[in-house]
Amino acid sequence: MENLAESARRIRDVINYIKVFKDALAVIHIDDQIIDSSLLPSLIHDIALIHQAGLKVIVAPGARKQINKILDDAKIEWKIQNGSRVAPESAMPLIKTAALDVANTIMNHFAGENRTAVIGNWVKARGKGVVDGIDYGTAGEIDKLKIDVIEQTLDDGFIPIFPCIGWNDLGKPYNISSAQLAEQIASHLKAQKLFYILPNPKFSRDGFALPDTVHLSDDGNIPAMTLGEAEQILKMNADQNCLQDQKSAAQDQKARLLPLLELAQTACKNGVQRVHILDGNLDGILPCEIFSGIGSGTMVYNNGYGDLRAMQAQDIPSVLSLMSPFVQKGILLARTEAQLKEQLDNYIVYNVDGGIHACAALKFYGDLTQAEICAVAVDPSYGNMGVGPKLINFLLDKARAQKAKSVFVMTTQTADFFEKLGFKPDSIDSIPAERKKLWNPERGSKVYRVKFL
C-alpha cells in the first residue's frame, strides 16, 4: 500500500505540473557531447513529450565538437580565447556548415517523433572585433532577437531550433555561443524554465569552494541554490582559473560550470523563473525535472520559487497525504481531517507550483511561555533543499515574536535533525501537563528544547 500511495503522489504531481506549465516556455540548451551520445534519441523523445503536454519549447544545440572536427580536418588553425572561438574568415563557411548540420540532426529527430521543428534566421549578430589587440575574426556577439517572429512560430505549434550562428544586417554570418544564446532567448521571452543539459555537471565541495549555507544532496551535489548563493559561489571561485593545459579534473569542472552558473544568474535576474543544469547522461532527466520533484542536477532560482504560508482548508488533503508515509514509519502521530481543521491556524505549509511539499505546526500551551513544534513533514524529494530548517526557523521566529521563553519538540527518530538546529535534550517532566497527558511511554518520544534568552 505504501508503494501505491507513493505512486499516487507522483501521479498527482505530474497532473499538477501539466496544469501549471501548460503554455509555459522551456528553452533547452543541449551540449554537443550529449548530441553525440546514444541518449540523444531518448532526450528528443522526452522533449517531444513535454511539447505534446502543452509546453512551448525552444532548442539551442551546441556544436563545439563538430566545429572543432571540421576545422581540424580542413587544417584551419583556431583557438579559444575568453570563451570565444578565434578563427580566420576562411573558416566561417565550415563553421556554418557544422552548426547547421547539428541543427538539422535535431530537426530530423523531431520529425521522427511527429513534431515539427524549424530552423530559422532569428538572431542578429555583430562581430566581436578586435579586443585588447586580439582579432576575434569569425566570433560574434548577439545583437538582437526577432522576438515577434519567434513568438509567432511558437504559437503556430512549431519547435524553433537555433544554430549557433547569427547574421548582421548585410547577411554576414558570425559564430556565437550557443549557451549564451539560450540565456538570451530565455531572458527576452521571459521563459519559465531554462535548461542546460550536459555530461556530469556537479557543484560539490570536491570541485568548488562553497558557502556553508548551501545544502548538499546525498551524492554531494547542490540540488538548488538561490541567486544570492549563486553570486557567492561565483565570487568564491572567480580567481581559480588556470591555463587550459594545466587543468585538473576539478578545475575542468569549474571551467565548464562557472560560465553556465553566471548565465543562470543573469537569466534569473532578467525574469527567468528557474534555470536547471542537468546531467544529460541520465535517461529521463528532463521530464522528471519538469513534472515531479525527482529532479537531479542543480536548480538556480529567484525568490519566487517556493513559499512558506499559512495552511488553508483546501490544503488539508495534500497535507494528510504528505504526512501518511511518516505516520506509517512511526515518525509522526496520525492526524485526522477534523483535527487539522480545528488546528488550522497552527500550521504552515511549503508550497511550490501549487503543490504542498512540507508542513509543520506551532502550538502554544498554558500561559504561552512554552510552545511545541510538531507535525513536521517534508517531501523527501525536497529534503536536501533546506526546506526542513526553513520551516523550523520560521516557527522559532514566530514563537520568539510572541514572547515564548522556549520551544520544544517530541521525536522518536529525528533527534539528529533537531540537534543540528540547536535543540537540546530535556526531561519529559519539563513539558506542560496538558501535553504530558498525551505522551505514550510505549512510543518513547524524547524531548528536545530551544530556550530563548
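Our subject is the structure that appears above.
As the structure is a prediction and not an experimental result, all values here were calculated from the model. (Residues numbered from 1 in each chain as written. Predicted model: local features only at pLDDT ≥ 70, side-chain atom pairs only at ≥ 80, totals over all residues. Heavy atoms only, no water.)

Draft legend 1. Broad picture of the overall build of the chain. Along the backbone of the chain there are 15 helices and 23 strands. The principal-axis extents of the C-alpha atoms in the chain amount to approximately 85 × 45 × 35 Å. Taking all 453 residues of the chain together, 49% fall into the buried category. Total accessible area on the chain is roughly 21,400 Å²; 50% of this is exposed by carbon and sulfur atoms. (Helix = DSSP H or I, 4+ residues; strand = E, 2+ residues; numbered from the N terminus. Buried < 20%, exposed > 50% of the residue type's maximum accessible area, 1.4 Å probe, protein only. Areas by Shrake-Rupley, 256 points an atom, 1.4 Å probe, with all protein chains shown as cover.)

Draft legend 2. Geometry of the pairing of strand S23 (residues 446–451). The sheet contact formed by strand S21 (residues 406–411) and S23 spans 6 bridges and is antiparallel. Within the sheet, the bridge partner assigned to Val 407 lies in S23 and is Val 450. As paired elements, strand S22 (residues 424–426) and S23 share 3 bridges and run antiparallel to each other. Among the inter-strand pairings, Pro 425 is bridged to a residue of S23, identified as Tyr 448. (Pairing = 2+ DSSP bridges.)

Draft legend 3. Quick peek at the pattern of salt bridges. Counted under the stated rule, the structure contains 18 salt bridges. Put simply, Asp 32 and Arg 64 hold a salt bridge, and the shortest N to O gap is 2.8 Å. With Asp 32 in helix H2 (residues 32–35) and Arg 64 in helix H4 (residues 64–73), this residue pair connects regions lying 32 residues apart in the sequence. Judged by its relative accessible area of 41%, Arg 64 is partly exposed. Here Arg 449 makes a salt bridge to Asp 426, at a shortest N to O gap of 2.7 Å. (Salt bridge = Lys/Arg side-chain N within 4 Å of Asp/Glu carboxyl O.)

Draft legend 4. Structural detail: the nonpolar core. With 47 residues, the main nonpolar core has Val 27, Ile 58, Phe 162, Leu 194, Tyr 196, Val 275 and Val 300 as its most contacted residues. Residues Ile 28, Ala 63, Ala 117 and Ile 165 belong to the second largest nonpolar core, which totals 42 residues. (Core = buried A, V, L, I, M, F, W, Y, C linked by side-chain atoms within 4.5 Å.)

Draft legend 5. Representation of the packing of helix H3 (residues 40–52) against helix H5 (residues 92–112) in the model. Between H3 and H5, whose axes approach to 9 Å, the crossing angle comes to 60°. In terms of their interaxial angle, H3 and H5 are classed as oblique. Between H3 and H5 lies a crossing whose hand is right-handed. Residues Leu 40, Pro 41, Ile 44, Ile 47 and Ala 48 of H3 form the contact with H5, whose participating residues are Thr 105, Ile 106, His 109 and Phe 110. Grouping the amino acids of the contact of H3 with H5 by side-chain chemistry returns 7 nonpolar, 2 polar and no charged. (Axes fitted to C-alpha atoms, helices over the stretch in contact; angles between N-to-C directions. Parallel < 35°, antiparallel > 145°, perpendicular 65-115°, else oblique. Left-handed = near helix turned anticlockwise from the far one by under 90°. Contact = heavy atoms within 4.5 Å. Nonpolar A, V, L, I, M, F, W, Y, C, P; charged D, E, K, R; others polar.)

Draft legend 6. Region of interest: the sheet that holds S21. One open sheet holds the 7 strands; their spatial order is S17-S18-S19-S20-S21-S23-S22, and the pairing between them is mixed. The strands lining the two open edges of the sheet, one partner per strand, are strand S17 (307–310) and S22. Strand after strand, the sheet turns through a mean of 30° between neighbouring axes, direction not considered. Its contacts with the sheet place helix H11 (residues 316–328) against strand S18 (347–352), strand S19 (355–365) and strand S20 (370–378), and it is angled at close to 85° to S19. Where helix H13 (residues 387–401) meets the sheet, it contacts S17, S18, S19, S20, S21 and S23, and its direction lies at approximately 30° from that of S19.

These figures capture arrangement, not role.
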